[in-house]
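Take a look at the letters that make up each chain.
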Amino acid sequence: MDLNSSGLMTGKLALLHASLRKLERVAVAYSGGVDSTLLLHAAVQALGPDRVIAVHAVSCLNGAIQREQALALFGTLFPDGVELRRITVDPLGWEEFVENTDQRCYFCKKRLYRRFSDEFSEDTARRLLDGTNADDVLQHRPGIQAIRELEVMTPLLDAGLSKMDIRLLAQQAGLPNHALPANSCLATRVGSGRRIEARLLQHIDMAEAFLHRSGYPGSRFRLVQNDIHLEIRHEEMERFQREDIRSAFQTYVSDLGYGFNFNNVTCR
């Protein structure tokens with residue numbers, strides 16, 4: 001990184017810390033991803049651990065590996081002082097979410113963040129913080145509308161931090177997830193218009209866990225209409241062409257009840 005870029009990053013980090021120091025107490029929506037981890041780390045630096053809590057959703061939308069990694073990471077980075085509140089929610093009980101329209105993320109985020117806010121409703125000085133970044137607003141993300149309607153704060157976005165900026169700052173801070181592939185809830189793997197069901201989420205989680213164990217972390221197992229679409233990271237695509245690997249995956253998903261066409265494998 002050249003001197004100009006270094007100075008720009010230093011300025012953005014200073015802006016982030018300055019905005020956080022204006023707050024009395026905060027609750028950070030923590031998923032275990034690099035965005036929320038950096039935000040939580042910055043909040044602790046700016047305010048001290050006693051003024052920060054992390055709120056973490058526990059639901060069928062979190063894959064088993066994702067849950068384990070998020071909790072292990074929190075225990076490693078924030079062992080003392082920062083409280084982690086694990087909040088159980090049941091998205092399959094939200095009909096507007098289960099219908100899986102193109103506004104699914106809006107309904108989910110609205111319900112989830114209301115539940116988070118209820119957790120500290122008596123502490124009126126505590127503000128809920130979300131890890132939305134400057135790249136997110138350039139994409140179709142209906143959940144951002146819910147964040148704005150609920151007046152949830154987005155310090156990373158306000159500081160102008162892009163995903164690349166966040167990864168760089170996370171690396172500089174020694175956060176071990178700085179280079180991990182972006183993750184999202186399991187419902188994002190189900191094509192719009194197909195109802196979200198527990199069975200589908202379980203199968204998606206199992207297939208992605210199989211890929212993870214086979215050496216393909218960050219892969220996506222998507223259900224689009226009646227087809228499976230598999231996304232493999234670019235650097236692992238050549239290795240995935242091996243016949244033994246492809247055959248093992250095909251056998252595994254066949255046991256789950258799915259056929260698979262290897263023409264539906266793309267890079268992510």
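Relevant structure appears above.
Only a predicted model underlies this, so the values are computations on that prediction, with no experimental measurement involved.

Reading guide: rules and limits
- Think of each chain on its own: its residues are numbered from 1, step by step along the sequence as written.
- Local features in this predicted model are restricted to residues whose pLDDT is 70 or higher, and side-chain atom pairs enter the listing and the counts only when it is 80 or higher, whereas totals over whole chains, interfaces and linings include all residues.
- To obtain the side-chain values, all non-hydrogen atoms of the structure were used and water was disregarded.
- Throughout, nonpolar core names a set of buried Ala, Val, Leu, Ile, Met, Phe, Trp, Tyr and Cys residues whose side chains join them through atoms within 4.5 Å.
- A simple rule labels every residue: compare its accessible area, found with a 1.4 Å probe on the protein chains alone, to the largest value its type can have, and call it buried under 20%, exposed over 50%, or partly exposed in between.
- Any two residues whose heavy atoms approach within 4.5 Å are treated as being in contact.
- When DSSP finds two or more bridges between a pair of strands, those strands are recorded as paired.
- Going along the chain from the N terminus, every DSSP run of H or I of four or more residues is numbered as a helix, and every run of E of two or more is numbered as a strand.
- What counts as an axis is a line fitted to C-alpha atoms, over the stretch in contact for a helix, and the angles between N-to-C directions run from 0 to 180 degrees.
- Note on aromatic pairs: the rings of Phe, Tyr and Trp (six-membered ring only in Trp) are paired at centre separations within 6.5 Å, and the planes decide the class, stacked below 30 degrees, edge-to-face beyond 60, tilted for the rest.
- Distance and angle both matter: a charge sits over a ring if NZ of Lys or CZ of Arg is within 6 Å of the ring centre and within 35 degrees of the ring normal.

Asks: I'm lost on the nonpolar core in this one. Help?
Replies: Taken as a class, soluble globular proteins show a tendency for nonpolar side chains to be buried jointly. Counting 45 residues, the largest nonpolar core has Phe116, Phe221, Phe240 and Phe249 as its most contacted members. Each residue touching Phe240, except ones within four places of it in the same chain, is listed here: Leu211, Tyr216, Leu230, Ile232, Ile245, Arg246, Phe249, Phe262 and Val265. Ala42, Ala43, Leu73 and Leu169 belong to the second-largest nonpolar core, a separate cluster that totals 31 residues.

Asks: Where do I start with the pairing of strand β6 (residues 227-232) in this structure?
Replies: Consecutive side chains of a regular strand alternate in pointing toward one face of the sheet and then the other. Bridge count for strand β5 (residues 220-224) against β6 is five bridges, and the pairing is antiparallel. Looking at β6, one finds that Leu223 is bridged to Ile228. Where β5 hands over to β6, the hairpin turn is made up of two residues, of which Gln225 adopts a positive phi near 55°. Bridging between β6 and strand β7 (residues 265-267) involves three bridges; their strand directions are parallel. Its bridge partner lying in β7, Glu231 is registered against Thr266.

Asks: What should I look at first to understand the sheet that holds strand β2 (residues 52-58) in this one?
Replies: Sheets are built from strands that pair by backbone hydrogen bonding, the pairs being arranged parallel or antiparallel. What the four strands build is an open sheet, ordered β3-β2-β1-β4; its pairing is parallel. Strands at the two margins of the open sheet, each flanked by one partner only, are β3 (83-88) and β4 (126-129). The average angle at which neighbouring strand axes cross in this sheet is 25°, direction not considered. Judged from the six bridges that link them, β2 and β3 form a sheet pairing that is parallel. Pairing of Val58 across the sheet is with Thr88, part of β3.

Asks: Looking at this structure, I do not really get the packing of aromatic side chains. What am I missing?
Replies: Each pair of aromatic rings is reported with the distance of its centres and the angle of its planes. Taken as a whole and assessed by the stated rule, the structure comprises 11 aromatic pairs. Where Trp94 meets Phe97, the ring centres are 6.3 Å apart and the plane angle is 80°; that geometry is what we call edge-to-face. The exposure classification of Trp94 matches that of Phe97, with both residues buried. Pairing Phe210 with Phe249 gives two aromatic rings, centres 6.4 Å apart and planes at 40°, and the pair type is tilted. Taken as a pair, Phe210 in helix α9 (residues 198-213) and Phe249 in helix α11 (residues 243-256) lie far apart in primary sequence, 39 residues in all. Neither Phe210 nor Phe249 differs from the other in exposure class; each is buried. The ring of Tyr216 carries the charged tip of Arg239 above its face, separated from the ring centre by 4.3 Å.

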